[in-house]
Amino acid sequence: MKLNKALATVALAGSVAALSAPAMARDTISIVGSSTVYPFATVVAERFGANTDFPTPKLESTGSGGGLKLFCQGVGTQHPDITNASRRMKPSEFDLCQSNGVKDITEFRIGSDGIVIASSKEAENLEVTLEQLFLALGKEVPNPKNENELIANPYKNWSDIDSSLPNKPIRVMGPPPTSGTRDSFNELALQGGCEDLPAVANMSEDDMEGVCQSIREDGAFIEAGENDNLIVQKLIGDTGMYGVFGYSFLEENADRLQAATLNGKVPTAEGIAADEYPVARSLFFYVKKAHVGVVPGIQEYAQEFTGMGAMGPNGYLKSVGLIVPPRDALMDLQEKAEKMPNLTKDELM
């Protein structure tokens, strides 16, 4: 027993020493998070690795929710340094970070993106209102015979909702609940089309959100994972399918895909930047300040991402589809990258 105890003590001491040894330190930035921000962050990371003495950061596409969960697990090189998000951090996620010792966080709002409903150019295009979109995809919708009563979604074909819509089955492929794109789609598109309906008008805010943001589970909506490119490939091969993803993926595949008209608006970079397109959202990344100076290059990476070369009027991120902030907002971002101010919970409320 004494020998076993001694061996255990040596093993424990060895493991502690190993964890604290400089050899265990990372020299490569670890970035997780949004699949929508991933292509932009990848371009920045590659430029950063090529043009500085720092290694090219390692990126993983986990979805916004998944990335924030990983980011908030703790401080130490076993945890990510930066997480990307296609929505803002939630107060509950801020609390998770705080409870796990991730106290100091800097938030960067890096630009805008729109969520599109798209299909193959060979498919019949959609012209829908947000209300019609909710009626197609909501889990519970108003009873056609009694607008004040909610029932399980009865609609099978688009034309069941309105005769002007395609006479074919409702089949929409989109991201899973861990995705910021899904969060934004639920909030901006589905709730945007639901919240004025008589059946939910007198509900509490939480109850309304529960109804308006719940997607049907009978096969009409198909979860496709975090890889938006998978949705693109499915649409190209299936003219009966519509897909939900970020505007930048539509731009990349403009020769093969077309966007639906939502509330009379076709998505354009200008319309999204001006918030004229009804399903526009902001993109972010978050830096764990406790890792700055521990993992080399974190602040310099933030400075690269927010610099004029990347986000200026002729910057390389604009050329790959990011809808960049206006000049004043960009100046604020560059100041943030220099001073790294702490995000507060009040800012998220």
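About the cut-offs
- Residues numbered from 1 in each chain as written.
- Predicted model: local features only at pLDDT ≥ 70, side-chain atom pairs only at ≥ 80, totals over all residues.
- Heavy atoms only, no water.
- Buried < 20%, exposed > 50% of the residue type's maximum accessible area, 1.4 Å probe, protein only.
- Helix = DSSP H or I, 4+ residues; strand = E, 2+ residues; numbered from the N terminus.
- Arc of directions from axis to C-beta.
- Contact = heavy atoms within 4.5 Å.
- Salt bridge = Lys/Arg side-chain N within 4 Å of Asp/Glu carboxyl O.
- Patch = residues over 30% accessible without salt bridge, like charges linked within 9 Å, V, L, I, M, F, W, Y side chains within 5 Å.
- Areas by Shrake-Rupley, 256 points an atom, 1.4 Å probe, with all protein chains shown as cover.
- Lys, Arg positive; Asp, Glu negative; His and termini not counted.
- Charge placed at Lys NZ, Arg CZ, Asp CG, Glu CD.

The protein has the name Phosphate ABC transporter substrate-binding protein (PhoT family) in an unreviewed UniProt entry, where Marinobacter nauticus is given as its organism.

### Things to note about helix α12 (residues 298-306)
Looking only at α12, the buried set comprises Ile298, Tyr301, Ala302, Phe305 and Thr306. The arc that holds every buried residue of α12, seen down its axis, measures 125°, which confines them to one face.

### Some remarks on unusual backbone geometry
Leave glycine aside and you will find that most residues have negative phi; peptide bonds, for their part, are mostly trans. Even without a glycine there, the phi angle at asparagine 263 is positive, about 50°. Along the chain, the position of asparagine 263 falls in the loop between β12 (261-262) and α11 (269-273). Here aspartate 275, not a glycine, exhibits a phi torsion of approximately 60°, which is positive. Relative to the helices and strands, aspartate 275 is located in the loop between α11 and β13 (280-288).

### Looking at the side chain of aspartate 113
Within the secondary structure, aspartate 113 sits in strand β4 (residues 105-120). Residues contacting aspartate 113, with those up to four places away along its chain left out, are Thr36, Gly246, Tyr247, Ser248, Ile272, Val279, Ala280, Arg281 and Leu283.

### Digging into the pattern of salt bridges
Evaluated as defined, the whole model comprises 11 salt bridges. The shortest N-O distance in the salt bridge between aspartate 95 and lysine 345 comes to 2.9 Å. Here aspartate 95 is found in helix α4 (residues 91-99), whereas its partner lysine 345 is found in helix α16 (residues 345-348), with 250 residues between them in sequence. According to the relative accessible area criterion, aspartate 95 is partly exposed, its value standing at 35%. Taking relative accessible area as the criterion, lysine 345 reaches 30% and is therefore assigned partly exposed. For the salt bridge of lysine 139 with glutamate 217, the shortest nitrogen-to-oxygen distance reads 3.7 Å. Separated by 78 residues along the polypeptide, lysine 139 in the loop between α5 (130-137) and β6 (140-143) and glutamate 217 in the loop between α8 (205-212) and β9 (221-223) bring together distant segments of the chain. What you see here is one network of salt bridges that share partners, running through Arg87, Glu93 and Asp183.

### Some remarks on a negative patch on the surface
A surface patch of negative charge is lined by Glu187, Glu205, Asp206, Asp207 and Glu209. A total of 4 residues in the negative patch trace back to one element, the largest contributor, which is α8. Among the secondary structure elements, aspartate 206 is positioned in helix α8.

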